[in-house]
Amino acid sequence: MAAPEAWRARSCWFCEVAAATTMEATSREAAPAKSSASGPSAPPALLELCGRAVSAHMGVLESGVWALPGPILQSILPLLNIYYLERIEETALKKGLSTQAIWRRLWDELMKTRPSSLESVTCWRAKFMEAFFSHVLRGTIDVSSDRRLCDQRFSPLLHSSRHVRQLTICNMLQGATELVAEPNRRVLETLASSLHTLKFRHLLFSDVAAQQSLRQLLHQLIHHGAVSQVSLYSWPVPESALFILILTMSAGFWQPGPGGPPCRLCGEASRGRAPSREEGSLLLGSRRPRRDAAERCAAALMATRRKSEAKQMLRAAPATRVTRRSTQESLTAGGTEPKKELHPPATSEAPGTKRPPTAPAATSSASASSSTSSSKRAPASSAPQPKPLKRFKRAAGKKGARTRQGSGAESEDLYDFVFIVAGEKEDGEEMEIGEVACGALDGSDPSCLGLPALEASQRFRSISTLELFTVPLSTEAALTLCHLLSSWVSLESLTLSYNGLGSNIFRLLDSLRALSGQAGCRLRALHLSDLFSPLPILELTRAIVRALPLLRVLSIRVDHPSQRENPAVPGNAGPPSHIIGDEEIPENCLEQLEMGFPRGAQPAPLLCSVLKASGSLQQLSLDSATFASPQDFGLVLQTLKEYNLALKRLSFHDMNLADCQGEVLFLLQNLTLQEITFSFCRLFEKRPAQFLPEMVAAMKGNSTLKGLRLPGNRLGNAGLLALADVFSEDSSSSLCQLDISSNCIKPDGLLEFAKRLERWGRGAFGHLRLFQNWLDQDAVTAREAIRRLRATCHVVSDSWDSSQAFADYVSTM
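Residues numbered from 1 in each chain as written. Predicted model: local features only at pLDDT ≥ 70, side-chain atom pairs only at ≥ 80, totals over all residues. Heavy atoms only, no water.

J.: Talk me through the overall build of the protein chain; I want residue IDs and the actual numbers.
T.: On a plain count of helices and strands, the protein chain comes out with 32 helices and 17 strands. Partitioning the intrachain contacts of the protein chain with sequence separation of at least 6 by distance along the chain shows that 85% fall at a separation of at least 24. When the accessible surface of the protein chain is summed, it comes to about 37600 Å², and 54% of that surface belongs to carbon and sulfur atoms. (Helix = DSSP H or I, 4+ residues; strand = E, 2+ residues; numbered from the N terminus. Contact = heavy atoms within 4.5 Å. Areas by Shrake-Rupley, 256 points an atom, 1.4 Å probe, with all protein chains shown as cover.)

This is how it looks when you write it as structure tokens:
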């Protein structure tokens, strides 16, 4: 009897609160009600008045509210603010109550955005709190504007931080400084354990203070946190220093910035051991000079300002305009060599001594000169036009390298790494970009390129997924990325999308080959796409498969033909021999292969060589592939049948298969495939009356095919009715997914298709997709057809304006 007594006690307490609240509300509403011209409005319900009072005093009544019976608690939940609603979630679930509808309503009323139709929201509480955190961090929402968001007892950032799985940093690194501030230390600690994905969108130029804050943020979230994925989106003019900072921190390297506070977690891990001054130089290698703060700032300025930014700065300060040529002429006139002025000999400065006051100014001027000169260089582009050769200095044997030792030397930071990659040009030993691209990692010392020796450096935790979408990579940035990749053993997935690699693709292949040779290499997925490639796509695919034999997923797309495919373009020197060797491709572990081809016929034997070496292939997708003849296409299909016995899914998109109807029938008779896609392949352009019955007969005899996708093939009503015979009583087909989107289907044809399925008594066969068909021409008939079909399968359709398809209509008249 204890439980009923407790329930009765809670109910009495609730009624006492309700009575007091009712008396107070009645006294407040009495005066307005008397003066109302339209008469007093209906008073709120007793339960609602009590709920308002309880929600306003949750700081005192929280424990009592948690113990309320489920029916009473259910009426109070919508009246709570987001903080108590989040805290009471576990208790509500134990009582059989759900708060998902409340969080969905809060999303619609406060966020005022509609989630993507492709997004499946499993938890509206987590989605709301994650978006709420981002809005508060950026200052785009006022928590005091709504009582449901405002509560002095809670910190909005701290309370919502544990629900954040994905954080996006935009523009001028907004939010990075706030997160590393001391008042938000607990927020950052919570994010370190909850955050998995860090995204950067539309980044702009940032100052040193913002980069220092980002440095601390990345160190906390990646090196001491749980972030496993870093993605960069839409960065048209990347700032070299910032980009290299994000890359190196993602790869696990850490050095505190100049004047930055020491990491508390690093101190705890090392049990108070002070970091050695030599530890900072591990990242730099033994051959690099140690530079003071003035040189580091000059190096960062030189690496970060490109042509547009340089022009803007010069217009703002025309008096300080200095060019490399004018600087060299003035130095030569004064009897001083520019190289020696930029790099004084090591003997000119004793260990532990300070530089003269004029040295930083001279260095800054020279660096500004180099910045102006380097800003005139065009970044590495993948355009087919011939580009001038860029030259990079060698570190080995460089004269005039200056080292600083003793207690007066400052510890290097990541700006030294930037200086190494984007270092100023010299008149001495130089190396052409062709030498850099053609296998500099192939057995050579990385320090000869001016890059650090990463093998000897100490690393922290690094991410497993790196994605670069529409981020043009300069030569310096590409070299840095490739050098980091060569030992990034924790990386599992790499996406490089429209980065303008150009000839740097050769160095990327070399770094991937070096990474594959590392013990513990985990790279299993590579997604590569670009406008141009110096290699034809099939040769590039062969090179990647050779370099990464353990790769499981490979997605590669090139939009335009390579220079080698266009002999009219001058200066298209051939790639190194070890990249495009004619030897057989060794057996690999590829399971999924997606290829997007440029225009032009593709050599079928090269594709077949890749397929023969991929015995574990389960999914193949060919987009815009063109072959010289149907026989070449048949050769590819025959190779699939003989060598790829594990293949389950096959997809063709935007391919002209009007003349390959025999090959299509060969595919439909394959008893190992479970899903076939012919998307916009012009299947029924020729001989539809003869081809459709043959196709249906092949499908009726195939008992393993589960899904058939035919979008954009101009099937029409006649073709749809012919396909209905696949589900007849004498068919052994087990087809359960059918996609007939964009096929000029009208409502009367769809209705007849539904009636035939009903007449044959076919059970539910799964999904039917009807996007972008002409169903709006007769809405009543279309609704009736869809109603009948939903008794047989799950129908997915849309409200599409068929008037936009006039061209397709004319072509089928």
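Continuing now.
J.: So what's going on with the environment of D530? Residues and values would help.
T.: By the element assignment, D530 lies in strand β8 (residues 525-530). On the accessibility criterion, D530 (8% relative accessible area) is buried. In this structure, the C-alpha to C-alpha distance between D530 and D559, residues 29 residues apart in sequence, is 6.6 Å. Within polar-contact distance, the side chain of D530 engages the backbone nitrogen of G500 at 3.1 Å. (Buried < 20%, exposed > 50% of the residue type's maximum accessible area, 1.4 Å probe, protein only. Polar contact = N/O pair within 3.5 Å; in protein donor to acceptor, adjacent residues only side chain to side chain.)

J.: A description of the pattern of salt bridges should follow, citing residues and the corresponding values.
T.: Where charged atoms of side chains with opposite charge meet at close range, the side chains can pair. All chains considered together, the criterion is met by 24 salt bridges. One salt bridge in this structure joins R787 and E784, with 2.7 Å as the shortest N-O distance. Placement of the pair is R787 and E784 together in helix α31 (residues 779-790), with a separation of three residues, close to one helical turn. Residue E784 is classed as partly exposed on the basis of its relative accessible area, which comes to 26%. Each of E758, E784, R787 and R788 takes part in salt bridges that share partners, so that together they form one network. (Salt bridge = Lys/Arg side-chain N within 4 Å of Asp/Glu carboxyl O.)

J.: Describe in detail helix α28 (residues 688-700), supporting the description with residues and values.
T.: The periodicity of an α-helix, 3.6 residues per turn, causes residues three or four places apart in sequence to face the same way. With 13 residues, α28 ought to run about 18 Å at 1.5 Å a step, and its terminal C-alpha atoms sit 18 Å apart, in line with that. Of the surrounding elements, those touching the buried residues of α28 are α27 (661-668), β14 (707-709) and α29 (716-723). (Expected span 1.5 Å × (residues − 1).)

J.: Run through the pairing of strand β2 (residues 197-201), naming residues and quoting values.
T.: For β2, a buried count of four out of five residues is recorded, marking the element as mostly surrounded by other parts of the structure. Here strand β1 (residues 166-170) runs beside β2; their pairing, made up of five bridges, is parallel. Considered in β2, the bridge of C170 is made with R201. Where β2 lies against strand β3 (residues 229-233), five bridges are found, and the strand directions are parallel. Considered in β3, the bridge of T197 is made with Q229. (Pairing = 2+ DSSP bridges.)

J.: Give me the packing of helix α23 (residues 504-516) against helix α24 (residues 537-547): which residues, what numbers.
T.: Close contact between α23 and α24 brings their axes to 8 Å; oriented N to C, the two are set at 25 degrees. Classified by the angle their axes make, α23 and α24 are roughly parallel. Judged by residue contacts, I505, L509, L512, R513 and S516 of α23 engage L540, A543, I544 and A547 from α24. (Axes fitted to C-alpha atoms, helices over the stretch in contact; angles between N-to-C directions. Parallel < 35°, antiparallel > 145°, perpendicular 65-115°, else oblique.)

J.: Please set out the packing of aromatic side chains residue by residue, giving values where relevant.
T.: Throughout the structure, instances matching the rule amount to 11 aromatic pairs. Here Y233 and F469 contribute two aromatic rings whose centre-to-centre distance is 4.9 Å and whose plane-to-plane angle is 10 degrees, an arrangement assigned as stacked. In this pair, Y233 sits in strand β3 while F469 sits in strand β6 (residues 465-469), placing the two residues 236 residues apart along the sequence. In this structure an aromatic cluster arises from ring pairing among F627, F633, F652 and F678. In this structure, R201 is placed above the aromatic ring of Y233, and the distance from its NZ or CZ to the ring centre is 4.1 Å. (Phe/Tyr/Trp six-rings, centres within 6.5 Å; stacked < 30°, edge-to-face > 60°. Lys NZ or Arg CZ within 6 Å of the ring centre and 35° of its normal.)

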